[in-house]
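In case you want the letters, here they are:
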Amino acid sequence: MYPSDEWVEALNFYLIVASGGALTMSDFSDAELHAAWLEHPGMTMADLDPAAEKLVLEFQAKQKDTEAKDDSPLPQSQAGEIYEELPNGPVSVPMLGVPGDF
């Protein structure tokens, strides 16, 4: 058994509201939407609001987990050089044969 089109459309509205317009039902798989419907099959605010809140929180948790995995402390160039970010901006590097006041 699957949710009705009316339930899905109503959940879409609650997803938009709960996420501040950042998410819609297209951001979730059919399995996630079906699981939300099984937990909250009604059409009232008491059903749809918690279902949307849970989906948004799960989405945000996945995003944070993905960002944490992609975040390496020292990015490396293709040549294997390690770059460090400096908090005070660019560093002056003296060059041979070039005056420092140019």
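Residues numbered from 1 in each chain as written. Predicted model: local features only at pLDDT ≥ 70, side-chain atom pairs only at ≥ 80, totals over all residues. Heavy atoms only, no water.

## Thoughts on the confidence of the model for the protein
Predicted coordinates in areas of low pLDDT are best not read in detail. Mean pLDDT over the protein: 80, with 68% of residues reaching 70 or higher. Least confident of the elements in the protein is helix H3 (residues 45–70), whose mean pLDDT is 88; most confident is helix H1 (residues 5–18), at 94. (pLDDT = per-residue confidence, 0-100. Helix = DSSP H or I, 4+ residues; strand = E, 2+ residues; numbered from the N terminus.)

## Notes on the nonpolar core
Grouped together as the largest cluster of nonpolar side chains are 16 residues, with contacts concentrated most on Trp7, Leu11, Leu15, Phe28, Leu48 and Leu55. Of all the secondary structure elements, the ones that give two or more residues to this core are H1, helix H2 (30–39) and H3. The greatest single-element share of this core, amounting to 6 residues, is contributed by H1. Here Leu55 is in contact with Leu11, Leu15, Phe28, Glu32, Leu33 and Ala36, once residues within four sequence places are set aside. (Core = buried A, V, L, I, M, F, W, Y, C linked by side-chain atoms within 4.5 Å. Buried < 20%, exposed > 50% of the residue type's maximum accessible area, 1.4 Å probe, protein only. Contact = heavy atoms within 4.5 Å.)

## Observations regarding the pattern of salt bridges
Side chains that differ in charge, positive against negative, can pair when their charged atoms come close. What the rule picks out here adds up to 3 salt bridges. A salt bridge links Glu39 to Lys54; the shortest N-O distance between them is 2.9 Å. Here Glu39, found in helix H2, pairs with Lys54, found in helix H3; they are 15 residues apart in sequence, far enough to count as distant. Using a relative accessible area of 45% as the deciding quantity, one classes Glu39 as partly exposed. (Salt bridge = Lys/Arg side-chain N within 4 Å of Asp/Glu carboxyl O.)

## So, the packing of aromatic side chains
Scanning all chains against the criterion turns up 2 aromatic pairs. A centroid spacing of 5.4 Å and a plane angle of 85 degrees characterise the contact between Phe13 and Tyr14, whose relative ring orientation is edge-to-face. Residue classification places Tyr14 among the buried positions, given a relative accessible area of 17%. Between Phe28 and Phe59 the ring centres are 5.7 Å apart and the planes differ by 65 degrees, which places this aromatic pair in the edge-to-face class. On the criterion of sequence distance, the pair formed by Phe28 in the loop between H1 and H2 and Phe59 in helix H3 is long-range, its members being 31 residues apart. (Phe/Tyr/Trp six-rings, centres within 6.5 Å; stacked < 30°, edge-to-face > 60°.)

## Some details on H1
Its 14 residues place the ends of H1 20 Å apart at the C-alpha level, agreeing with the 20 Å of an ideal helix rising 1.5 Å per residue. Of the positions making up H1, those classed as buried are Trp7, Val8, Ala10, Leu11, Asn12, Tyr14 and Leu15. One or two residues past the end of H1 sits Gly20, with phi positive at roughly 70 degrees. (Expected span 1.5 Å × (residues − 1).)

## Regarding H2
Working note: α-helix, 3.6 residues per turn, so residues spaced by three or four point in the same direction. Among the residues of H2, those classed as buried are Leu33, Ala36 and Trp37. Seen along its axis, H2 keeps its buried residues to an arc of 100 degrees; they face one direction. The outward face of H2, more than 90 degrees from its buried face, is lined by the exposed residues Ala31 and Leu38. (Arc of directions from axis to C-beta.)

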